[in-house]
Amino acid sequence: MMKKISIISPVYNGATFLPSFIKKLVEFTFQDFEIIFVDNNSSDDSVQILQTELSKTKLDYKILYESNQGSGYARNNGIKNAIGKYITFIDCDDHIHPQKLKEDVRIMEEFDVDYVLCRTQRTYTDGRTLMQPLEGLEVGMIDPPKAGLIWLSNFFFLQGPGAILAKREVINFLGGFHTSKTGQDAFLYIRLGLYSKGYYYDKVYNFYLRHAASTISKRNKEKDGIVLSYFNLRKNLFSDDIVNDNSKAMNILKRQLNGDLFRLHSSGYSLSELTNDSRLEKLELNVILFNKFSLFLNKIVPNIKYNPFYRIWLRIK
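Here the residue numbering is sequential within each chain, running from 1 through the sequence in written order. Where totals are concerned, whole chains, interfaces and linings use all residues; where local detail is concerned, this predicted model gives features only for residues with pLDDT of at least 70, and gives and counts side-chain atom pairs only at 80 or more. To get the side-chain values, take all heavy atoms of the structure and skip hydrogens and water.

Undergrad: Tell me about helix H3 (residues 71-80), and name the residues and values.
TA: Residues three or four positions apart in an α-helix share a direction because the helix packs 3.6 residues into each turn. Think of it in three bands: residues with accessible area under 20% of the maximum for their type are buried, residues over 50% are exposed, and the middle band is partly exposed, with areas taken using a 1.4 Å probe on protein chains only. Each helix is a run of H or I in the DSSP string that is no shorter than four residues. Each strand is a run of E no shorter than two, and both are numbered from the N terminus. Along H3, the positions that sit buried rather than exposed are Gly72, Ala74, Arg75, Asn77, Gly78 and Ile79. By the convention used here, residues are in contact when the closest approach between their heavy atoms is within 4.5 Å. Packing partners of the buried residues in H3 comprise strand S1 (5-11), strand S2 (33-39), strand S3 (60-65), strand S4 (86-89), helix H6 (168-173) and helix H7 (184-195).

Undergrad: Give me helix H11 (residues 247-266): which residues, what numbers.
TA: For H11, built from 20 residues, the straight-helix expectation of 28 Å at 1.5 Å per residue is met to within 8% by its first-to-last C-alpha distance of 29 Å. Buried within H11 we find Ala249, Met250, Leu253, Gln256, Leu257, Asn258, Gly259, Asp260, Leu261, Phe262, Leu264 and His265. Looking one or two residues past H11, glycine 268 carries a phi angle of roughly 105°, positive in sign. One less than the number of residues in a helix, times 1.5 Å, gives the span that helix is expected to have.

Undergrad: Can you explain the packing of H11 against helix H13 (residues 292-300)? Please cite residues and give values.
TA: Running from amino to carboxyl end, H11 crosses H13 at an angle of 50°, the nearest separation of the two axes being 8 Å. If you check the angle between H11 and H13, you find them oblique. Residues Phe262, His265 and Ser266 of H11 lie in contact with H13, whose contacting residues are Ser294, Leu295, Asn298 and Lys299. Side-chain classes are defined by residue name, with Ala, Val, Leu, Ile, Met, Phe, Trp, Tyr, Cys and Pro counting as nonpolar, Asp, Glu, Lys and Arg as charged, and the others, Gly among them, as polar. Looking at the contact of H11 with H13 residue by residue, the classes come out as two nonpolar, four polar and one charged. To obtain each axis, a line is fitted to C-alpha atoms, and for helices this fit is confined to the stretch in contact; angles are then taken between N-to-C directions over 0 to 180 degrees. Each angle receives one of four descriptions, namely roughly parallel if under 35 degrees, roughly antiparallel if over 145, roughly perpendicular if within 65 to 115, and oblique otherwise.

Undergrad: Quick one: what's the story with the packing of aromatic side chains, residue by residue and with numbers?
TA: Pairing of aromatic rings covers Phe, Tyr and the six-membered ring of Trp, with a centre-to-centre limit of 6.5 Å; geometry is then stacked below 30 degrees between planes, edge-to-face above 60, and tilted otherwise. Taken as a whole and judged by the stated rule, the model has eleven aromatic pairs. Here the aromatic rings of phenylalanine 28 and phenylalanine 33 are separated by 5.7 Å at their centres, their planes lie at 55°, and the arrangement is tilted. Owing to a relative accessible area of 6%, phenylalanine 28 belongs among the buried residues under this scheme. Classification of phenylalanine 33 by relative accessible area gives buried; the value is 1%. Between tyrosine 201 and tyrosine 205, the aromatic rings sit 5.9 Å apart at their centres with planes inclined by 75°, giving edge-to-face as the arrangement. The pair formed by tyrosine 201 and tyrosine 205 is uniform in burial state, with each residue classed as buried. In this structure an aromatic cluster arises from ring pairing among Phe262, Phe290, Tyr310 and Trp313.

Undergrad: Explain the pairing of S3 to me, using residue names and the numbers behind them.
TA: DSSP-based pairing: two strands are paired if at least 2 bridges between them are found. Where S2 lies against S3, six bridges are found, and the strand directions are parallel. When the bridges of S3 are listed, phenylalanine 37 appears paired with isoleucine 63. Seen with the strands pointing away from the viewer, any crossover whose path from the first strand over the helix to the second strand runs clockwise is right-handed. Running through helix H2 (residues 46-54), the crossover from S2 to the neighbouring parallel element S3 is right-handed.

Undergrad: Lay out the packing of helix H5 (residues 146-153) against H11 with the relevant residues and their values.
TA: It is the contact of H5 with H11, at a shortest axis distance of 10 Å, that shows an interaxial angle of 5°. Judged on the interaxial angle alone, H11 and H5 are roughly parallel. Here H5 contributes Leu149, Leu152 and Ser153 to the contact with H11, which in turn contributes Lys248, Ala249, Ile252, Leu253 and Gln256. In terms of residue class, the contact of H5 with H11 is built from five nonpolar, two polar and one charged.

See below:
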C-alpha cells in the first residue's frame, strides 16, 4: 500500500541514538509514512537495536543494507526502495518536530510545489545551540533558481536534509545523492533549488546534532579538510548539467573555485595536480590571482590575506 511519505535514515554505528530516534517517530502527529533504515556497515549493535525497538511499534518500516561506504550510497539505496509520494531524509542522530510532516504535506498539497523548507537549529554536545542562518528567502513560494543560488553562494545557509520534504519524482529526476565522501546533501539540494519550485516557512522544525563522531566534525579536524571538501563539492557542481544551464551559478562557482585553488596552492598543493581534473575543463584561472608574481608571493607570505593580488581580487566582483 502506497504511503504519503518515505523517510530515509542512513545508519552507521548509531546504537546510541536509535532508541530515542524511534521513539520520536512514534510521536509524529502525521503517521502516513514508511521509515526506511539503511545500515551502512555498522560495527556496533545498530541492526539488533533497530529490530528490537521497531518490533515494539506499529511503524511501517524496512531495514536495508548498503555495503558501499557513505551516506550518499545509503540514501540512494533508500530512494530506490521508497514508495512514498514525498520523501525526506533524517539521520538517526537528528530529529524533526512532531508536527513537521503534517505541516509539510499541507503546504505541498495546497501550493503544489516540488519541495518545502523549514528552519534548522544546530545543537552541540556541550549544550550550545545555534540557529542555522538563512538569508535572502521570504516566507512563501520560492521560484527557481533563487534558493539554489543562495545556497551555492553560502553553503552555511543550507538547512540540512531533515529541513526539506520533496516529491519523490523530483528527487529521482535529480539522480539522488552524489556519492562523494562529503557534500552529498549540498550537491542535491543546491540543484533542487536551481531547478524546482519550493515553499519556505519560518518555523524551527529540524534539529541537527553536531558531535565528535559526525562526518563533518572528523573532516574539520583534517589538514585543509574544509577547503578540500568544498573544493570537491564545487568541482562536482561545476561539471553538472543542471548547474551548467544557469549562467549565474556558473559564475559563482568560477570565482569560488579560483579562491579554493589559491588557498590550496598557498598550503603547498601543486596547482598543476589540482587542475588536472576533467571536472575543471571549463575553468579559466583568474589572471590577477594566478600570475607568476602572485604565485611567488603565495608561497612566502604567512597567509593569503597578505598577498596584495589576493586583496585586489577580493575587491573585484
